[in-house]
Each structure stands twice: as structure tokens, then as C-alpha cells.
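# Descriptive analysis of the structure
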Amino acid sequence: MRTALAIARKELSIYFTTPWAYAVFTAMAALTAFYFMDLLQAFNDVQGVARRVGWAQMSPDFNMYRNLTDGVVVELWGSVLVITLVVTPFLSMRLFAEEKRNRTFELLMTAPVRPIEIVLGKYLGGLGVISATLALTLVFPLLLSALGHSESGLALEWSTVLLGYGALLLWGATCMAVGLFISALTESQMLAAFLTFCVLLAWMLLGQVARRAEEPLRSALSYIACDLQLQGMIKGVLDAQSLVFFASVIGFSLFLTHRTVDAQRWA
Amino acid sequence: MPMIEVQHLTKRYRDRVAVDDLTFQVEAGEILGFLGPNGAGKSTTMKILTGFLPPSEGVVRVGGFDVEAQPLEVKRRIGYLPEMPPLYVEMTVRGYLRFVASLKGLSGSALKAELERVAALMGVTHVMDRVIQNLSKGYKQRVGIAQALLGSPPVLILDEPTEGLDPAQRAELRALIKGLAGKHTVILSTHILPEVTMTCQKVLIIHQGKMAAYDDISQLARIHGQAENASLEEVFIKLTAA
């Protein structure tokens, strides 16, 4: 296990000495800020109208705009979910592909280290960098709670905000696991990033397909669609089923990665 | 008991035979020169010895442990320099060597002392805090060898270690490898024939995956050379001529 930690530490040190991590941080912060401003504007507009005509006159569709938590943060987390899908492939692509291209894979495989330790070490490193990326988005609810206010006193309902953030972390960890596996399949980082993006996007679009599908296909698709699985947690409802679902996807991806790394010797 | 034992080793890639029925052994403390033209199967054999590739047939034992059955035990006993030094070019020399040492299970003050020892041995002490990609080819090669020496493994497998070094560094490295004899068992592959004559006691020449010769250097020259003092070069060219 110590060697896995050594590998994780090495991954992090490479992430933070090359421009990649910083480029991804910037993209995450900039895109999230863009959505945040947009959501804040919409929130303000609706609040303005409500002050004039009163909430009773408004359509129930606007109910979420009654507080900052549902009107801004929950919506923001929904956008961060999609940004995470876009940026994670650029973080996960190098994990194995780069080692194989640079022939450093040979070093790992001839060191007295088990393949499982290599996989876990790499995954831990990936988790570290995706957590750092997502941590940047916490700035926005913090801003709201510092500057905003509501009738009940606290601007935000932190339990909802943090549960939604937990969903983001879970989703980031899942994207990273899928990306890790795909990175182990190829020597080309570009290909790894592209394939990971395609797989994650297709997975997210399943929710759309499910809406139009007929039963019983509809229930099956809704169950495996990642965005539908995440909906509850983002809105602040802890759902054990989603936790088990994503934990299984992560476990399965790591298992496949392990098999791939092990099988490399037999190529 | 020989330190390295190879019996009927064969490696096939689909229909191409890279290594064909190779049998040899290296006694503890011996330095074996591993010679052959490009594509003869030298690197493949070394990759199998280090557990990176599995053999198609045959048995490989290092320190009495079977490479396939107990890969970790074998890997613990081998320091390996592949053909291309496996460097993380974004890291500093110190960071890189510290990482490899921790993969080999070293930690704390033992790790620090080992880093200093190997860096001094390879003459990289003054570049320890430089980023690897800014180093010259010769220094990169030295860092690659330093990596193999970390933890002082009983067996060293060096695939063309003098590649990229200038003549003075070559001579230095040859002296270093010679100094390892007795304490370490070394397999050294090279194209440069005088290197073998100067450092190794025994030579294994392979050609198209097959063993062409395996003997003491003096014996080889006597058997295969036309004259009593035939050079290894003549023997090599004669054996590997189509």
C-alpha cells in the first residue's frame, strides 16, 4: 500500500508541475463563473418580478427561485456536472497512455510492485486532482453565503449544498475511473481523452433517450442514466441506491483497469 | 546454484519467433556480455528476464525464483535499465530517484542515504535538483543507470548502458561495471564489441533469436578465430553472417 501512495504522490507532482492541471483549473473556474453569473441574473430577475406581483401570482415553475439554494446553487451544480464530464478526460488521459508512450510503464512493471498497487496509486492521484478541480467551485456558494441573505437568516441551506457537492465528487470519481480504464487501453493520450469524453457523453445522454423510450426499456435506461441517478443527490436528497450504483461503476472500472494492466504482459 | 538460469526460452509474437530455444546460466558475481545484431532478440530476452514479458515457452529463474510463478521475488532482486531509460522528464533527478527508491520499498533515512550513494557513484550529485528534460543525453543515461542501481539489487540487467555517452564517460562506466563484478551479477547488452572484451568474462552471442555462441571470451577467439589472436569482432561477424 505504501508503494500505491508513492505512485499517487508522483502522479500529483507531475500534474502540478505541468500546465495541464492549471489549464483545467482555469477552465473549470471560468466556465463555472460564467454559469454562476447567468444564474444569479436569472434569480434576480425572477425575484424582482415576484416583489412586484407577489409569489402567489407566479407560476409554480418559478418556485425554485424563492431561495438561493434551489435557485442558484442546485442549478449551478447541474452545470458543473457537465463541465466535469468535459474536463475529466483531459486529466485522466495521461494516467497510463503517457507511461506507455514514454516507456516508463516498463519501469513500473519491472519494479517490485503489484499491478493492483499501480492501478490504485494512479486512481488515487487522479482523485486528488479532480477533487482539487471541484474544490474551486465551492467558492461560489461561499460567496453567496457571505454576501446573500434570506428571511430565515442563513442565505444557503448548507446541507443541501454539501450533499450536491458530494454528488459532484462522486461523479468526478466515476469519470476518473472510466478515464483511467480507457487510458490503460491505448498509447495515445488524444485517443484516450476523446474516447473517455464520448463514453461519458453517451452515458449522460441516456437520460434523454430514456424520456422518449417506451416501457420497460424506459425504466432500464433511467436506471443506468448517470444524470437521472445524480438528480436526487444534487437536489439534496441522499439516495443509497445512487451511491451503490456509482460505487459499482468505479469498482468495475478499476477491476477492468487491473485486468488490462495485468494482461499487458501477455500482449 | 547459478544466479540466473534460462532453459529452453522461446518467445513468439504471433508467427514471428523473436527468441528461439535459448539456454544459458550466469553464476553469481559474473558479468555476461550479451551480443547480437539489431533485432536479434537481445532486448526481448532481457524483458523476459525482468518479468516485463512472459515467455512463450521455457523457464527463467533468478536467484532460484521462477519469473512466472514468483514475479515479485524476481523483481526485488533485479535492477533493470531498458533500452530507452525510463525517465519521467518532468521530474527533478532527486524526485525521480526518490520515487524509484520508494517503489523498491526504501523509505526514511535509508532512502536518503541510498540516493546519495547512487548519485555519487553515477556522478549526478550536482544535477540532483535539475529537471530531467533539461539534462544532456549522457546525464539522462546516467540517471537511468542510477535508477537500476538503487537498492543495490544482486542482479543488474543493463540494455545498452553506454548508449549516448561520450568516450570518456564510456570508459568511466566500464570501470564502474567492472567494479560491480563479484558483488553483483550483471548481464550487459551492447553493440560495441571492445566493451565486452574489456568488461565481461563470458559472452553470449545471439543471432535471429538463436544462440550463436556462448563461452569465455578467450575460448571463443580460439575456437572461432582463424588465428590464435582473432578479435571478438571477427568472431562476431563470422557467427552472425547470414
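Predicted model only: the values in this text are computed from it and were never measured.

Broken down by element type, chain B carries nine helices and 10 strands. The C-alpha radius of gyration of chain B comes to 18 Å, within 12% of the 18 Å expected for a compact globule of 242 residues. Principal-axis analysis of the C-alpha atoms places the extent of chain B at approximately 55 × 40 × 35 Å. The 242 residues of chain B split such that 44% are buried.

Bringing the UniProt feature "transmembrane region" (unreviewed entry) in chain A into the picture now. Residues and elements named next belong to chain A. The feature "transmembrane region" (unreviewed entry), as given by UniProt, occupies residues 12-37, 76-97, 118-143, 163-184, 191-210 and 240-257 in the numbering adopted here. What you have in residues 12-37 is 96% helix and 0% strand, and the ends, taken at the C-alpha atoms, are 31 Å apart. Segment residues 163-184 splits into 100% helix and 0% strand. End C-alpha atoms: 32 Å apart.

The next thing to look at is the confidence of the model for chain A. Low-pLDDT stretches of the model should not have their predicted coordinates read in fine detail. Counting all residues, the mean pLDDT for chain A is 90, and 98% of those residues have values of 70 or more. Within chain A, the element-level pLDDT minimum falls on helix H10 (residues 217-224) of chain A, averaging 82, and the maximum on helix H6 (residues 115-135) of chain A, averaging 96.

With that out of the way, let us pick up the environment of Gln189(A). As for its position among the elements, Gln189(A) is in helix H9 (residues 189-212). For the pair Gln189(A) and Ser92(A), spaced 97 residues apart in sequence, the C-alpha to C-alpha distance is 8.9 Å.

Next up on the list: helix H12 (residues 240-264) of chain A. All names here are of chain A. Between the first and last C-alpha of H12 there are 36 Å, a value that for 25 residues agrees with the 36 Å anticipated at 1.5 Å per step. Buried within H12 are the following residues: Phe246, Val249, Ile250, Ser253, Thr257 and Val261. Its buried side turned inward, H12 meets H6 and helix H8 (158-185).

A few words on the packing of helix H4 (residues 94-101) of chain A against H8(A). In a packed pair of helices, the relevant descriptors are the angle between the two axes and the axis-to-axis distance. Residues and elements named next belong to chain A. Where H4 contacts H8, the axes come no closer than 6 Å and their chain directions differ by 20°. When the axes of H4 and H8 are compared, the pair comes out roughly parallel. Between H4 and H8 lies a crossing whose hand is right-handed. Residue-level inspection shows Leu95, Phe96 and Ala97 of H4 in contact with H8, the latter providing Leu180, Ser183 and Ala184. Of the residues assigned to the contact of H4 with H8, the class counts are five nonpolar, one polar and no charged.

A few words now on the pairing of strand E2 (residues 16-26) of chain B. As defined by bridge partners, strand E1 (residues 4-13) of chain B adjoins E2(B) across seven bridges and the pair is classed as antiparallel. From the neighbouring strand, Tyr13(B) faces E2(B), where its bridge partner is Arg16(B).

What counts, and at which threshold
- Residues numbered from 1 in each chain as written.
- Chains lettered and ligands numbered in written order.
- Predicted model: local features only at pLDDT ≥ 70, side-chain atom pairs only at ≥ 80, totals over all residues.
- Helix = DSSP H or I, 4+ residues; strand = E, 2+ residues; numbered from the N terminus.
- Rg over C-alpha atoms; globule rule 2.2 N^0.38 Å.
- Buried ≥ 20, exposed ≤ 12 C-beta atoms within 10 Å, placed from the backbone.
- UniProt positions renumbered as here; feature names shortened; annotations may be inferred.
- pLDDT = per-residue confidence, 0-100.
- Expected span 1.5 Å × (residues − 1).
- Contact = placed C-beta atoms within 7 Å.
- Axes fitted to C-alpha atoms, helices over the stretch in contact; angles between N-to-C directions.
- Parallel < 35°, antiparallel > 145°, perpendicular 65-115°, else oblique.
- Left-handed = near helix turned anticlockwise from the far one by under 90°.
- Nonpolar A, V, L, I, M, F, W, Y, C, P; charged D, E, K, R; others polar.
- Pairing = 2+ DSSP bridges.

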